[in-house]
Amino acid sequence: KRCNKVPKHVGQPPKYDQETRERNLAYVWGVLREAGLGKVLAGELGELRVEEERQGSSVALGDLKIVEDNGYRVQCSKCSSTVVCTLKTCEPCGYDLCPSCCKEQRAEQAKALGVPANQADLCCPLNHRLELKRLGYFGSRAFERCLEKCGGPAGSPSSSPGGDAASDKTSDNGKACGEVCYIQDASSMDIAAFRESWREGCPFVVEGIKGQMLWTPHLMKRAATEKRKGEYTTDVIDCALGDVIEVSIEAFFNGYTGETYFEGNPMYCLKSWPSQEEWNGKLKRLYTDFQDMLPVKDYTHQMGELNLVRLVPEALRPDVGPKAYIGYGRTQEEPSEGSMLQEDGDSTWKLNLQPVDNVFVNVHVSKDAPGSLWHIFRREDTEKLAGFLVRNTDRFAGGRGALKTEGASVVMSQKFYLSSKALALLKEETGVEPWTVEQKVNEALMIPSGCAYQVRNLCSCIRVGQSFFSPESVAYIARQGTSWVSFAAALRLENDS
C-alpha cells in the first residue's frame, strides 16, 4: 500500500468532551501559575510602566505600535531570547531588546549618567533611540486576561510563582530524580503517578508501542524512491569520519539489512531524511501511524490538549518533528586508544540537551535484540557533566580543536559521546552516573526536558522521535530562563477563548 494513502480511521487527533476539556484547561492554568507566569507577565509590562512615568499618563498595551514580524521569530539582539509580546526596537537598523535586557541596560545607563532609571534613554549600537512596540501574535485583551488570572500587576502577592503553596510544588523540580519508570501497557498507565514522576524529571520506557504499518527498511526504501526511475543517491553520514558522502538509496538500505557489504564495515546513517515536507506528503500515512502509536497522547500527540507546543504560534514554534533516525549499528563499542576517552566510528547521536520533552520509538531493529543503548543524565547533574567535558575536551574526538565553552552550552554542543571509558572516569571524578536504557523494538522512550542524553545503535535500526512540551516541565524550563513557550501558550489560551 502506498505511504501517502491514509485510511479515514488512521491519524485522528485525540477527542475530548467538554468536561475533559475544562478539566485539562484548569490543570494547565494551575501549572502555569505555579511556574511563575504572573511574574513573567508583569515583567513584560516593565517598559510600559517606564513610558507611563515619562509621559505622566496611562499607556495601554493596545496603544503600542505592532512590529511586523513577517512570520519569523523575533529574538533579542543582545541575549537571543525569543520575544513574545513587548520589546524596544530600532526601525532603521532592526535592533531589538527584550524587556529583561531593557531593564538591565537602563540600570547600567542610569548608574553611568547619575540619573533616575526612567530617564535613561535606550539606544541601539548606532545610537538610534529605541521605541517601545509590541508583537501582534495576540490581542492586547488576551494579555490583560492572563494577567488577571495569574495575579495582577507586579508587586501583588500572586505575581510571585503562585504563592507559597505553589512555590513548594514547583520546588519539586529541584529535588533528586528517581528512577526510570517502565510501563508494560500504556492504556493502563496511572496518569497521576505519571505526572508526579514526570514532574520530577524521570524518563519513561513504554512497551507495546506498535502501529499498523510495518516500518521495514523495504518500505522506507520504497517511500524514498516513489515515482522515481533509475538509480539515485542520498546523503549519508560516515560516523567514523563525520563526513557526508553520497550513496545510492538501494545500497544504503541493502547495507542496513546485510544484503550489501561495504568495505571496512562503515557505520552509515541517513542525513536529514525524511524532510517535514515528505512527512506531510508521500509519507503521510507513516506520519499518522506514528502519531497513532504514541503513548500518553494527551501529552505527546501534536494535537494533544496537554502538549503546549500546539498553542504556540507558528513563527514561535520550535521544530518538534517528527524526525527519523535510520542508521547501522554494532554491539561492540569503538575502542579508544591511550589517553583518549572517545574515538568516532560508532553510529551515535552525541550528547544532547534540549529545553523540550521528547519521545522516541524504535519502530524497526535488524536483530531480535535491543536496538539502541541510551545514557540519560539527571537534571541536577548537568553542571558536573559540563565541568567534566570542559576539563577533558581534547580527549574526545569531537572536542579536538573545538572552542572552549562552559555550562550547559557544552552539553548542548552535540560534539561529545561518552564511551564506557569516559563514563567510568565521570563517575570516578564526579560521582555522576546516568540511567542506562537498552531500547528494544516497539518501545517508546520518553525523556523530560533538561535531561541530557546520548544514544548508540547496537544494530541497524529505525527510530522515530518527536518533541513536545508538557505542563509539568514548565517550572523547570522557566527557571532556566526559557519561559517564552509557557508565556505564548497562556496568551493563546486566552486569545482563543
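Residues numbered from 1 in each chain as written. Predicted model: local features only at pLDDT ≥ 70, side-chain atom pairs only at ≥ 80, totals over all residues. Heavy atoms only, no water.

### Comments concerning the overall build of the protein chain
Point 1. Scanning the protein chain for helices and strands turns up 17 helices and 17 strands.
Point 2. For the protein chain, the proportion of its 497 residues judged to be buried stands at 53%.
Point 3. Pairs at least 24 apart in sequence give 77% of the contacts found in the protein chain among residues at least 6 apart. (Helix = DSSP H or I, 4+ residues; strand = E, 2+ residues; numbered from the N terminus. Buried < 20%, exposed > 50% of the residue type's maximum accessible area, 1.4 Å probe, protein only. Contact = heavy atoms within 4.5 Å.)

### Things to note about the sheet that holds strand 2 (residues 86–89)
Point 1. Taken in spatial order, the 4 strands make up an open sheet running 1-4-2-3, and their pairing is mixed. Strands with a single pairing partner mark the edges of an open sheet, and in this sheet they are strand 1 (66–67) and strand 3 (96–97).
Point 2. As paired strands, strand 2 and strand 3 are joined by 2 bridges and run antiparallel to one another. Following the sheet pairing, Lys 88 is matched in strand 3 by Leu 97. (Pairing = 2+ DSSP bridges.)

### Notes on the sheet that holds strand 11 (residues 348–352)
Point 1. An order of 11-16-13-14 is seen for the 4 strands of this open sheet, with the pairing classed as antiparallel. The open sheet has two free edges, formed respectively by strand 11 and strand 14 (435–439), since each of these has just one partner strand. Strand-to-strand, the axes of this sheet are offset by a mean angle of 15°, without reference to chain direction.
Point 2. Where strand 13 (residues 372–376) meets strand 14, 5 bridges bridge the pair, whose relative direction is antiparallel. Directly across from Ile 376, in strand 14, lies its bridge partner Trp 435. (Axes fitted to C-alpha atoms, helices over the stretch in contact; angles between N-to-C directions.)

### Overview of the packing of aromatic side chains
Point 1. According to the stated counting rule, one finds 18 aromatic pairs in the structure shown.
Point 2. Summarising the aromatic geometry, the rings of Phe 194 and Tyr 299 are spaced 5.2 Å apart at their centres and angled 75° between planes, so their arrangement reads as edge-to-face. Taken together, the positions of Phe 194 in helix 7 (residues 191–199) and Tyr 299 in helix 12 (residues 297–300) put the pair 105 residues apart, joining distant regions of the chain.
Point 3. Taken together through their ring pairs, the aromatic side chains of Phe 194, Trp 198, Phe 204, Tyr 299 and Phe 468 make up a single cluster.
Point 4. When the ring centre of Tyr 27 is taken as origin, the NZ or CZ atom of Arg 195, which lies over that ring, is 3.9 Å away. (Phe/Tyr/Trp six-rings, centres within 6.5 Å; stacked < 30°, edge-to-face > 60°. Lys NZ or Arg CZ within 6 Å of the ring centre and 35° of its normal.)

### Focus on the confidence of the model for the protein chain
Point 1. For the protein chain, per-residue confidence averages 82 on the pLDDT scale, and 85% of positions sit at 70 or higher.
Point 2. When pLDDT is averaged over each helix and strand of the protein chain, the minimum, 32, is found for helix 6 (residues 163–170) and the maximum, 98, for strand 15 (residues 444–447).
Point 3. Below pLDDT 50 for its whole length, residues 152–175 participates in 43 contacts with residues either more than four positions away or in separate chains. (pLDDT = per-residue confidence, 0-100.)

### Let's talk about the pattern of salt bridges
Point 1. Considering all chains together, one arrives at 18 salt bridges under this definition.
Point 2. We note a salt bridge from Arg 330 to Glu 334, for which the minimum N-O separation is 2.7 Å.
Point 3. One salt-bridge network, held together by shared partners, links Arg 54, Asp 121 and Arg 129. (Salt bridge = Lys/Arg side-chain N within 4 Å of Asp/Glu carboxyl O.)

### So, helix 13 (residues 382–391)
Point 1. Taken as a whole, helix 13 has its buried residues at Thr 382, Leu 385, Ala 386, Phe 388 and Leu 389. End-on view of helix 13: buried residues confined to an arc of 160°, all on one side of the axis. Pointing more than 90 degrees away from the buried face of helix 13 are the exposed residues Glu 383 and Arg 391. (Arc of directions from axis to C-beta.)

### What to know about helix 9 (residues 249–257)
Point 1. With 7 of 9 residues buried, helix 9 lies mostly within the body of the structure.
Point 2. Immediately downstream of helix 9, the backbone of Gly 258 shows phi near 95°, a positive value.

### Comments concerning the side chain of His 375
Point 1. If you trace the backbone, His 375 turns up in strand 13.
Point 2. Accessibility expressed as a relative area gives 8% for His 375, which makes it buried.
Point 3. When residues no more than four places from it in sequence are discounted, the contact partners of His 375 are Tyr 417, Leu 423, Pro 434, Trp 435, Thr 436, Ala 452, Tyr 453 and Gln 454.

### Points about the nonpolar core
Point 1. Ranked by internal contacts, the top residues of the largest apolar core, which has 105 residues, are Leu 32, Trp 215, Met 220, Phe 252, Ile 326 and Met 446.
Point 2. Ignoring any residue separated from it by four or fewer positions in sequence, one finds Met 446 in contact with Phe 194, Trp 198, Pro 203, Phe 204, Val 206, Pro 295, Val 296, Thr 300, Asn 358, Val 359 and Phe 468.
Point 3. The next biggest cluster of nonpolar side chains, apart from the first, holds 19 residues, and it includes Leu 341, Leu 385, Leu 426 and Val 432. (Core = buried A, V, L, I, M, F, W, Y, C linked by side-chain atoms within 4.5 Å.)

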